[in-house]
Amino acid sequence: MLFFKIYLTLSVKYCDMKKFLKIFAVILALLLAVIIVVPMALSSKIGDIVKHEANAMLNAKVEFESLDISLLRHFPKASLELVDFSVTGVGEFDGQVLVAGDRLEVAVDVMSLFGESFEISKVWLQSPKINGIVTKGGAVNWDIMGTTTVEEEEVIEEETESESAFKLSLKALNIENGEVAYTDNQSNMRFYTAPVSLALSGDLSAATTTLKIGASAADITFVSDGDSFASGLTASLNGAVA
């Protein structure tokens, strides 16, 4: 009789444990589904919102092929990825590309979104192109911020003061196969270099930190008033700055 009671008790506990494991498995599957499906479902909508707001705020045309959000790629950090993005001038600089790239990926600490310190662990730029232009009249193509009224400027100042405690923490910046061009038609000067690579790591928000830097640039060209001061040069840098 005692054996029967012990057996019955163990059977009940085993059934309860089995039931618990099934429930836990279902909950885990649902969480994984949410983590995978929700970002995929929202990416296109968020992408449309980002594109609309950026074009409304800037005196430029912002385009990108896709915006992807993932909670798994750099788990437990969330990642945002822009594919084939570009910022193109309008008006006097119509059709002139200011910034473009094949891929921009940002990894963010999800928990930091709920605090005062916004932690970006990594920024990765693949094949970025930066093209600065100065016209003969002195206009520059990177002056793309939209005009604001006096009232709007006062609101921005108030928000800036109230958010003074907000901190941005960047851990690493990587640039691969970049291209930098600068043309100053006012001073008759031109600068160009490609490919450019940069690997920068360290806590950029800390009062004191050690930054590890690895950088290289090729085909460095500098021309001023028709005179060539550099052509086809290469440069590299590896070290640490404390």
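Quick caveat, the model's predicted, so the values are computed rather than measured.

Caption draft 1: The nonpolar core, seen in detail. With 13 residues, the main nonpolar core has Val-62, Phe-64, Val-87 and Ile-144 as its most contacted residues. Where this core is concerned, the elements lending two or more residues are β1 (60–74) and β2 (77–89). Here this core gets 4 residues from one element, more than from any other, and that element is β1. When neighbours within four sequence positions are excluded, Ile-144 is seen to be in contact with Met-57, Leu-58, Asn-59, Ala-60, Val-87 and Leu-98. In this structure, Val-106, Ile-120, Val-123 and Leu-170 belong to the second largest nonpolar core, which totals 8 residues.

Caption draft 2: The layout of surface pockets, seen in detail. What the largest pocket holds in volume is close to 460 Å³. Taken together, 18 residues form the lining of the largest pocket, with Leu-82, Phe-85, Val-87, Val-99 and Leu-104 sitting closest to its centre. Secondary-structure elements contributing two or more residues to the lining of the largest pocket are α1 (2–57), β1, β2 and β3 (97–108). Per element, the largest residue contribution to the lining of the largest pocket is 5 residues, and it comes from β2. When grouped by side-chain class, the residues that make up the lining of the largest pocket number 16 nonpolar, 1 polar and 1 charged.

Caption draft 3: The pattern of salt bridges, seen in detail. One pass over the structure, following the stated rule, counts 3 salt bridges. With a closest N to O distance of 3.6 Å, Glu-63 and Lys-51 form a salt bridge. Of this pair, Glu-63 sits in strand β1 while Lys-51 sits in helix α1, and the two are 12 residues apart along the sequence. By relative accessible area, which is 21% here, Lys-51 ends up partly exposed. One connected set of salt bridges, linked through shared partners, spans Glu-81, Arg-103 and Glu-105.

Caption draft 4: Examining the packing of aromatic side chains more closely. Enumeration according to the criterion identifies 2 aromatic pairs in this entry. Here the aromatic rings of Trp-142 and Tyr-182 are separated by 6.4 Å at their centres, their planes lie at 35°, and the arrangement is tilted. Of this pair, Trp-142 sits in the loop between β5 (129–134) and α2 (150–162) while Tyr-182 sits in strand β7 (residues 172–184); the two residues are 40 residues apart in sequence, bridging distant segments of the chain. Under the relative-accessibility criterion, Trp-142 is labelled partly exposed at 43%. The exposure class of Tyr-182 is partly exposed, given its relative accessible area of 25%. Relative to Phe-229, the ring of Phe-222 has its centre 5.8 Å away and its plane inclined at 45°; by these criteria the two rings are tilted. Overall, the relative accessible area of 57% leaves Phe-229 in the exposed class. It is Lys-51 that lies over the ring of Phe-64; its NZ or CZ is 4.6 Å from the centre.

Parameters at a glance
- Residues numbered from 1 in each chain as written.
- Predicted model: local features only at pLDDT ≥ 70, side-chain atom pairs only at ≥ 80, totals over all residues.
- Heavy atoms only, no water.
- Core = buried A, V, L, I, M, F, W, Y, C linked by side-chain atoms within 4.5 Å.
- Buried < 20%, exposed > 50% of the residue type's maximum accessible area, 1.4 Å probe, protein only.
- Helix = DSSP H or I, 4+ residues; strand = E, 2+ residues; numbered from the N terminus.
- Contact = heavy atoms within 4.5 Å.
- 1 Å grid on protein atoms, 1.4 Å probe; cavity = no way out; pocket = protein on both sides within 12 Å on 5 of 7 lines; lining within 4 Å.
- Points joined across faces, edges and corners; volume = space filled by probe spheres on them.
- Nonpolar A, V, L, I, M, F, W, Y, C, P; charged D, E, K, R; others polar.
- Salt bridge = Lys/Arg side-chain N within 4 Å of Asp/Glu carboxyl O.
- Phe/Tyr/Trp six-rings, centres within 6.5 Å; stacked < 30°, edge-to-face > 60°.
- Lys NZ or Arg CZ within 6 Å of the ring centre and 35° of its normal.

Limitation: the analysis is restricted to geometry and does not speak to function.
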